[in-house]
Amino acid sequence: MDRSTDKKTRILRAAAELFSHNGYSGTGIAEIVAACNIPKGSFYYYFPGGKEQLAAQVIRFAYDQMAAGIQTHIFSVSDDALTVFRAMLERLASLFSREHRFESLVITFMGLESVYISEEVARQARQVYEEWQQLYRDKLMACGYSPALAERCSLVLFTLVHGALISCWIKQDSGDLLRMRDELPGLLPPPDCPHGAQ
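Numbers given to residues run from 1 along each chain, matching the order in which its sequence is written. Per-residue local features are limited, in this predicted model, to residues with pLDDT of at least 70; the limit for side-chain atom pairs, both in listing and counting, is 80 or more; totals at the level of whole chains, interfaces and linings are taken over all residues. Each side-chain value is worked out from all heavy atoms of the structure, with water and hydrogens disregarded.

## Details of unusual backbone geometry
Counted only if it meets this: Numbering goes from the N terminus for both helices and strands, where a helix is a DSSP run of H or I of at least four residues and a strand is a run of E of at least two. The buried label goes to any residue with under 20% of its type's maximum accessible area, the exposed label to any with over 50%, and the partly exposed label to all in between, with areas taken from a 1.4 Å probe on protein chains only.
In this structure, Asn37 takes a positive phi of about 55° despite not being glycine. Looking at the secondary structure, you find Asn37 in the loop between α2 (29–36) and α3 (40–46). By relative accessible area, Asn37 is classed as exposed at 69%. The phi dihedral of Gln172 falls on the positive side, at around 55°, and the residue is not glycine. Tracing the sequence through the fold places Gln172 in the loop between α8 (147–171) and α9 (175–187). Of the residues examined, Gln172 reaches a relative accessible area of 27% and is grouped as partly exposed.

Rendered as structure tokens:
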């Protein structure tokens, strides 16, 4: 990674952390540059559009980090959908703590604020949410689900996983993630076509 990419990544990571704790409105550029230990001019070099441009890129950055983690640590576990999504809920529960920053929550918090920030930020949030659900659809189809069933089940899974994570964050307890893991067999139907058929 070259120095410029490294510096931009530091800004994105610091901003994601600050936005997840303080929200977009509660985080100033001065705070972000202080957290990165960079001059303000460097911030505007990478983000000439200011905090709004940064917010849109933080949403993209957080999603890319999350999607890479899901592909590497969750989807590679199995080609059985129930095994995969139970593993996802177990992993989230095991990682859960007050200090742990989940990329999915950064996306959620920023997404909720995006409608009040700018159309650019709102557009990025909508795009990321669509890609997130597509990520689940693609895995379900790789597990043998038809496109139509994968479409329906991906929405259910997305809502369940995301909702359980938000609930756990609010309660500061991982119990709802584990309860959803246990309920999953009754909520996720088996594939409706031979494994791998499209």
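Further notes follow.
## Some thoughts on the nonpolar core
Stated precisely, the cut-off is as follows: Grouping buried Ala, Val, Leu, Ile, Met, Phe, Trp, Tyr and Cys residues that are joined through side-chain atoms within 4.5 Å yields what is termed a nonpolar core. The contact criterion used is simple: two residues touch if any of their non-hydrogen atoms lie within 4.5 Å.
Residues Leu54 and Tyr136 are the most contacted members of the largest nonpolar core, which totals 66 residues. Looking at which element gives the most residues to this core, the answer is helix α4 (residues 50–75), with 13 residues. Apart from residues lying up to four places away in sequence, Tyr136 is in contact with Phe75, Phe85, Met88, Ser154, Leu157, Phe158 and Val161.

## Description of the packing of aromatic side chains
Test applied: Note on aromatic contacts: the rings of Phe and Tyr and the six-membered ring of Trp form a pair at centre separations within 6.5 Å, being stacked when their planes are under 30 degrees apart, edge-to-face when over 60 apart, and tilted otherwise.
Per the counting criterion, the structure on display carries 10 aromatic pairs. Ring geometry for Phe75 versus Phe85: centroids 6.0 Å apart, planes at 65°, classification edge-to-face. Taken as a pair, Phe75 in helix α4 and Phe85 in helix α5 (residues 81–95) lie far apart in primary sequence, 10 residues in all. No difference in accessibility class separates Phe75 from Phe85, as the two residues are buried. Between the aromatic rings of Tyr136 and Phe158, the centroid separation amounts to 6.3 Å while the plane-to-plane angle is 65°, which identifies the pairing as edge-to-face. In this pair, Tyr136 is assigned in helix α7 (residues 119–142) and Phe158 in helix α8, connecting sequence segments 22 residues apart.

## Some details on the environment of Arg126
Secondary-structure assignment places Arg126 in helix α7. Sequence separation between Arg126 and Gly111 is 15 residues; the distance between their C-alpha atoms is 7.8 Å.

## Some details on the packing of α4 against α7
Worth spelling out the cut-off: In this analysis an axis means a line fitted to C-alpha atoms, helices contributing only their contacting stretch, and an angle means the value between N-to-C directions, from 0 to 180 degrees. Between 65 and 115 degrees an angle is taken as roughly perpendicular, under 35 as roughly parallel, over 145 as roughly antiparallel, and anywhere else as oblique. Three classes are used: nonpolar for Ala, Val, Leu, Ile, Met, Phe, Trp, Tyr, Cys and Pro, charged for Asp, Glu, Lys and Arg, and polar for all others, with Gly counted as polar.
Two numbers describe how α4 lies on α7: the axes approach to 8 Å, and their chain directions differ by 10°. Relative to α7, α4 is oriented roughly parallel. Of the residues in α7, those in contact with Glu52, Gln53, Ala55, Ala56, Ile59, Arg60, Tyr63, Met66, Ala67, Ile70, Gln71 and Phe75 of α4 are Glu120, Val121, Gln124, Ala125, Gln127, Val128, Glu131, Trp132, Leu135, Tyr136 and Lys139. Among the residues forming the contact of α4 with α7, the class breakdown is 14 nonpolar, 4 polar and 5 charged.

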